[in-house]
Amino acid sequence: MSKRYDTATTPLDRLLGHHHDLLDPHDRARLGALHHDTDLLGLKHQISDIQGNLLELARRRGQVQRRAKTNHVYLSRTKMGTRTRATSDESTTPATRAS
């Protein structure tokens, strides 16, 4: 027995290739035009430029203080004490009667 994997495709290619019946012709043409007109390399460069600008602004602003961890006990993975389970005659919630 050997594993076989599908070839890597984009979500748009999967939609158009395997689920073409879900789209009407207008939406199919609109998505195709959007995919054709999108410059992925240009978008990548724009994102990295914006990230660089944000880092530079943060450096000019000064030292950025980190927020304190909100759940230190959970993050340190230590137990919260030496609690034991309630015995069978101890109840954690009082018994109530429905009237």
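A few points on the structure. (Residues numbered from 1 in each chain as written. Predicted model: local features only at pLDDT ≥ 70, side-chain atom pairs only at ≥ 80, totals over all residues. Heavy atoms only, no water.)

## Concerning the overall build of the protein chain
Counting its regular elements, the protein chain contains 4 helices and 0 strands. Of the regular secondary structure in the protein chain, the N- to C-terminal order runs α-α-α-α. Within the structure as shown, the protein chain displays about 10800 Å² of accessible surface, and the carbon and sulfur contribution to it stands at 54%. (Helix = DSSP H or I, 4+ residues; strand = E, 2+ residues; numbered from the N terminus. Areas by Shrake-Rupley, 256 points an atom, 1.4 Å probe, with all protein chains shown as cover.)

## Observations regarding the pattern of salt bridges
Under the counting rule described, the total for this entry stands at 3 salt bridges. As a salt-bridge pair, Glu56 and Arg59 come within 3.9 Å of each other at their nearest N and O atoms. Linking Glu56 with Arg59, this pair stays in helix H3 (residues 40-61), spanning 3 residues, or about one helical turn. Note on Glu56: relative accessible area 35%, which makes it partly exposed. (Salt bridge = Lys/Arg side-chain N within 4 Å of Asp/Glu carboxyl O. Buried < 20%, exposed > 50% of the residue type's maximum accessible area, 1.4 Å probe, protein only.)

## A short note on a nonpolar patch on the surface
A grouping of Ile50, Leu54 and Leu57 is seen on the molecular surface, where their side chains present a nonpolar patch of about 310 Å² in accessible area. With respect to the helices and strands, the residue Ile50 is situated in helix H3. (Patch = residues over 30% accessible without salt bridge, like charges linked within 9 Å, V, L, I, M, F, W, Y side chains within 5 Å.)

## Re H3
In an α-helix, one full turn covers 3.6 residues, which means residues spaced three or four apart are oriented alike. With 22 residues, H3 should cover 32 Å at 1.5 Å per step; its first-to-last C-alpha distance of 32 Å lies within 8% of that length. Phi turns positive one or two residues past the end of H3, at Gly62, with a value near 120 degrees. (Expected span 1.5 Å × (residues − 1).)

## Topic: the environment of His20
Inspection of the secondary structure puts His20 in the loop between helix H1 (11-18) and helix H2 (25-37). A residue is classified by how much of its surface remains accessible, and His20, at 45% relative accessible area, is partly exposed.

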